[in-house]
Amino acid sequence: MKKLIYSISTAAALFLVGCGGGSSSTESVTGTVEASYLAGVKVCVKGTDNCAVTDANGKFVINAAAPVTLEIRVGNSVIGDVNVSSNTVEVTPAVLADGNATVAAYLGAMMHIIGGCKITDEQCNLGNVQEVDINSTSDEPLVKELMQVLQSNPDANITIKVDDKTVEVTDDNVTLYETVNPMMVGETELYYHGIAGGEGLLTFKVDPKTMTLTYQVNDFNGSVESGSEELVDLYHNLFFTFKNNPDERAFISKTMAVSYYTEGGQTYYNVGLQYPDKNLTATDVKFFANKTYNDIFFDTDGSIDFSIVDVNTSNPADLNGTWTSTDADGVETGTWNVDGDHIVFKQNGSVVAVGFLKPGVSRAAIVYGDVDGGFGIGLEAKPLTADEVKGTFYYSYTDPTGQCFGEVELDGTSGKYKDEYCTDNQPESNSFTLELNPTVDVNGTSVTLNGMAKVSGLDEYVFIDPDDGYYIAINPTDKSISIGSNKPLK
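Note that the structure is a prediction, hence the values are computed from the model and not measured.

Asks: I keep staring at the layout of surface pockets and nothing clicks. Help me out?
Replies: It is the rolling of a water-molecule-sized probe over the atoms that shows where space remains empty. Reported here for the largest pocket is a volume of approximately 1,000 Å³. When contributions to the lining of the largest pocket are tallied by element, the ones reaching two or more residues are β18 (245-252), β19 (256-263), β20 (266-274), β28 (375-380), β29 (390-399), β30 (402-411) and β38 (480-485). For the lining of the largest pocket, the per-class residue count stands at 15 nonpolar, 18 polar and seven charged.

Quick look at the structure:
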């Protein structure tokens, strides 16, 4: 995820590009680009050529004494400025846009596009860009030019000249940017929407600064339960327990969250997908409808079933459509419609499930709960490539004998894992191979599970979302589950 955020840094590398016009003091202002790093961005004392340039890790230090106004530039073009009152500073699109969430979302998407980067790229180098222009007749900073355009048309597609070419920032780009970067456009908490163990709709929010989780469950019987918990880090700011409820565990990344507890020999799961706290719109429907999803369903008896789910619509603006589910038991069909921030699935006019469909940069996701109990989670069936299945993920592995935490390195069709510690004190390490987009038999028909992988030699299937940075591995035979991410909460 690209994040235009400059945060506290105790040490930073920099390249000075000029001197003079600034303070002769040895005092400095420090910062860094967090999470997804922007290289080559100039940070200058306004009105001078006293500048520093962010390095490959997004870090900068500029010789200046606070209070000072810093100007953010890409090449020779001014993006905007920020007043700094201390020797550390965080500059987000929301700050540059004076808290205007719409402008901030456009600005965040624009910074990716002018650098030739995807929204989900971990790094983006803007050092080769010399000129950026929205309005050739204006010398205003780019953020002000954006504000002027959006005042008359808040959903505009904006054409931008970048050196000798033109690029476009579309409303679709902006929707995806604010979906994956809510805190960059002014949110102070991460919101997750999903299902509480098949019992009802779940909404919860996490404050990464205070590590507090607040939740609300609206169950299928109409009752409401709410509360809050203080998170205690167990492993890599991805796996947590609750301070006042240490028997309950949670996996919380920047894109997905799962909490689980065991009672009476049965494990109960709460599952949510990160998405802004808003009602679903026609734009959202356009991103998640007319797609096929690989789905895994956790029944109340502990069984795990796979299915292929199609979610379709003839017109996204209608906020409704049809669904088809194919599994080992046959084919089922029905209708769906948007109800506020979630989806209602019906069959023969009766509600059979409620859930949530999340737009994705390259893959949409689905989580839902049956009114009869149990829940499902799925990922858009888009073929995986070896280049997408790369990186280091931190995981939790659970089977009937216990739990392990560790690190797995994926390199296309191969990988290796290493348990760091296990509840049975018997950590393991090993290598494995992956079959991408495996073929399975469903009701006598050969079906390719696009967007999934199978561990060779095992009855283990893996959902991988390369953009949102998480995976879920399921082995129905030994009832083991592994979940991991490369996007820690903070």
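Once you've had a look at it, read on.
Asks: Mind showing me how you'd approach the state of the cysteines here?
Replies: One way to say it: the disulfide is the covalent bond shared by the sulfur atoms of two cysteines. What the rule picks out here adds up to three disulfides. Covalent S-S linkage joins Cys 117 and Cys 124, the inter-sulfur distance amounting to 2.0 Å. Measuring handedness by torsion sign, the sulfur bridge of Cys 117 and Cys 124 sits at about 90° and is right-handed. Each member of the pair, Cys 117 as well as Cys 124, is classed as buried. The disulfide that involves Cys 404 links it to Cys 422, with 2.1 Å between the sulfurs. Note on the Cys 404 and Cys 422 pair: the S-S dihedral is about 115°, so by sign convention the disulfide is right-handed. Here Cys 404 is found in strand β30, whereas its partner Cys 422 is found in strand β31 (residues 414-422), with 18 residues between them in sequence. For the pair Cys 404 and Cys 422, a shared accessibility class is recorded, and that class is buried. Should the bonded cysteines of the protein chain be numbered as they appear in the sequence, the pairing reads 1-2, 3-4, 5-6.

Asks: Where do I start with the side chain of Glu 189 in this structure?
Replies: The topology assignment puts Glu 189 in the loop between α4 (171-180) and β13 (190-196). Excluding anything up to four places from it in sequence, Glu 189 contacts Met 183, Lys 205, Val 206 and Asp 207.

Asks: What's the story with the side chain of Asp 419 in this structure? I'm lost.
Replies: One can find Asp 419 in strand β31. Here Asp 419 sits buried without a salt bridge, and the closest side chain of opposite charge, Lys 418, lies 10 Å off (N-O distance). A polar atom in the side chain of Asp 419 sits 2.5 Å from the side chain of Tyr 395.

Asks: How do you make sense of the sheet that holds strand β21 (residues 291-298) when you look at a structure like this?
Replies: Whether parallel or antiparallel, the strands of a sheet pair through hydrogen bonds between backbone atoms. The strand order β21-β22-β23-β24-β25-β26-β27-β28 describes a closed barrel built from eight strands, whose pairing is antiparallel. If you compare each strand with its neighbour and ignore which way they point, the axes differ by 30° on average. Examined bridge by bridge, strand β22 (residues 304-312) and strand β23 (residues 320-327) share six bridges and lie antiparallel to one another. Directly across from Val 309, in β23, lies its bridge partner Ser 325.

Asks: Looking at this structure, I do not really get empty space enclosed by the protein. What am I missing?
Replies: Scanning all chains against the criterion turns up two cavities of 30 Å³ or more. Size it by volume and the second largest cavity reaches roughly 30 Å³. For the lining of the second largest cavity, the elements supplying multiple residues, two or more each, are β28 and β37 (470-475). In terms of residue count, β28 provides more of the lining of the second largest cavity than any other element does, three residues in total. When the residues that make up the lining of the second largest cavity are grouped by side-chain class, the tally is five nonpolar, one polar and no charged.

Asks: When you look at the pairing of strand β12 (residues 165-169) in this model, what are you seeing that I'm missing?
Replies: Look at any regular strand and the pattern is simple: side chains alternate between the two faces of the sheet. In this sheet, β12 lies alongside strand β11 (residues 158-162) in antiparallel orientation, the contact comprising five bridges. Across the sheet, residue Thr 159 finds its bridge partner in β12, namely Glu 168. Between the end of β11 and the start of β12, which pair antiparallel, lie two residues, with Asp 163 showing a positive phi angle near 55°.

Asks: Help me out: how do you make sense of unusual backbone geometry in this one?
Replies: Most of the time, phi is negative for any residue but glycine, and the peptide bond is trans. Each neighbour pair has its own omega, and for Ala 66 with Pro 67 the value is 0°, a cis peptide bond. Mapped onto the elements of the fold, Pro 67 is located in the loop between β6 (60-63) and β7 (68-74). The backbone of Leu 319 shows a phi angle near 60°, a positive value even though the residue is not glycine. For Leu 319, the position within the fold is in the loop between β22 and β23. What makes Leu 319 partly exposed here is its relative accessible area of 26%.

Here is what the cut-offs are and how they apply
All residue numbers refer to position in the chain's written sequence, counted from 1. Only residues with pLDDT of 70 or above have their local features reported here, since the model is predicted, and side-chain atom pairs are shown and tallied only from 80 upward, although totals for entire chains, interfaces and linings are computed over all residues. Where side-chain values are given, they derive from all heavy atoms of the structure, hydrogens and water being excluded. The way it works is a 1 Å grid over only the protein atoms, where trapped points that fit a 1.4 Å probe form a cavity and open points with protein on both sides within 12 Å along at least five of seven lines form a pocket, and then any residue with an atom within 4 Å of a point lines it. Grid points are joined across faces, edges and corners, and a volume is the space filled by probe spheres set on the points. Helix numbering and strand numbering both begin at the N terminus, where a helix is a DSSP run of H or I of at least 4 residues and a strand a DSSP run of E of at least 2. Basically, the charged four are Asp, Glu, Lys and Arg, the nonpolar ten are Ala, Val, Leu, Ile, Met, Phe, Trp, Tyr, Cys and Pro, and anything else, Gly included, counts as polar. Any two cysteine sulfur atoms lying within 2.5 Å of each other are counted as a disulfide. Summary of the burial criterion: residues with accessible area below 20% of their type's maximum are buried, those above 50% are exposed, and those between are partly exposed, where the area comes from a 1.4 Å probe applied to protein chains only. By the convention used here, residues are in contact when the closest approach between their heavy atoms is within 4.5 Å. Under the convention used here, Asp and Glu are negative, Lys and Arg are positive, and both His and the chain ends fall outside the count. Between Lys or Arg on one side and Asp or Glu on the other, a salt bridge is scored when a side-chain nitrogen of the former is within 4 Å of a carboxyl oxygen of the latter. In protein, a polar contact means a hydrogen-donor-capable atom and an acceptor-capable atom, both N or O and within 3.5 Å, with residues adjacent in sequence counting only if both atoms are side-chain atoms; elsewhere, any N or O pair within 3.5 Å suffices. Strands were regarded as paired on the criterion that DSSP finds at least two bridges between them. Orientation is described by axes fitted as lines to C-alpha atoms, over the contacting stretch for helices, and by angles from 0 to 180 degrees between their N-to-C directions.

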